[in-house]
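# Secondary and tertiary structure notes
Chain residues, written in single-letter form:
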Amino acid sequence: MTKNPVEFVREVRAEVAKVTWPTRRETMITTSMVFIFVVIAALFFLVADKIIGFVIKTLLGIA
């Protein structure tokens, strides 16, 4: 099913007009939360890796 390019652009513009865009404040809050959770996840995996490494080295007698 082929569409006229002009009709396609018109439909795209109509759909974009329906989008509820976030405010600058909402975007900043969401971005901050993502960075905070990335740091928390990185710290969690760092600690988990160190603990697992320590346990494995202790079990295998590697020091």
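Residues numbered from 1 in each chain as written. Predicted model: local features only at pLDDT ≥ 70, side-chain atom pairs only at ≥ 80, totals over all residues. Heavy atoms only, no water.

Let us look at the overall build of the chain. Counting its regular elements, the chain contains 2 helices and 0 strands. Scaling as 2.2 N^0.38, a compact globule of 63 residues should have a C-alpha radius of gyration of about 11 Å, whereas the chain reaches 25 Å, well beyond that. Carbon and sulfur atoms make up 73% of the accessible area of the chain, which amounts to about 6300 Å² in all. Each charge class in the chain was averaged separately, 8 positive and 5 negative side chains, and the resulting centres sit 8 Å apart. (Helix = DSSP H or I, 4+ residues; strand = E, 2+ residues; numbered from the N terminus. Rg over C-alpha atoms; globule rule 2.2 N^0.38 Å. Areas by Shrake-Rupley, 256 points an atom, 1.4 Å probe, with all protein chains shown as cover. Lys, Arg positive; Asp, Glu negative; His and termini not counted. Charge placed at Lys NZ, Arg CZ, Asp CG, Glu CD.)

Two side chains that carry opposite charge are able to pair once their charged atoms sit near each other. Within this structure, the stated rule accounts for 1 salt bridge. One salt bridge in this structure joins K18 and E15, with 3.2 Å as the shortest N-O distance. Of the two residues, K18 and E15 both sit in helix α1 (residues 5-18), 3 residues apart, roughly one turn of that helix. Taking the relative accessible area as the measure of exposure, K18 reaches 59% and is therefore exposed. (Salt bridge = Lys/Arg side-chain N within 4 Å of Asp/Glu carboxyl O. Buried < 20%, exposed > 50% of the residue type's maximum accessible area, 1.4 Å probe, protein only.)

Going through the model one piece at a time under the given rule, you end up with 1 aromatic pair. Pairing F44 with F45 gives two aromatic rings, centres 5.2 Å apart and planes at 70 degrees, and the pair type is edge-to-face. Relative accessible area serves as the criterion here: at 52%, F44 is assigned to the exposed category. By relative accessible area, which is 56% here, F45 ends up exposed. (Phe/Tyr/Trp six-rings, centres within 6.5 Å; stacked < 30°, edge-to-face > 60°.)

This part is about helix α2 (residues 24-60). Counted at 1.5 Å a residue, the expected span for α2 with its 37 residues is 54 Å, and the 54 Å between its end C-alpha atoms agrees. Looking one or two places after α2, you find G61, whose phi comes out positive at around 75 degrees. (Expected span 1.5 Å × (residues − 1).)

Judged by side-chain polarity, V47, I51, I52, F54, V55, I56, L59, L60 and I62 come together as a nonpolar surface patch covering roughly 930 Å² of accessible area. Within the secondary structure, I52 sits in helix α2. (Patch = residues over 30% accessible without salt bridge, like charges linked within 9 Å, V, L, I, M, F, W, Y side chains within 5 Å.)

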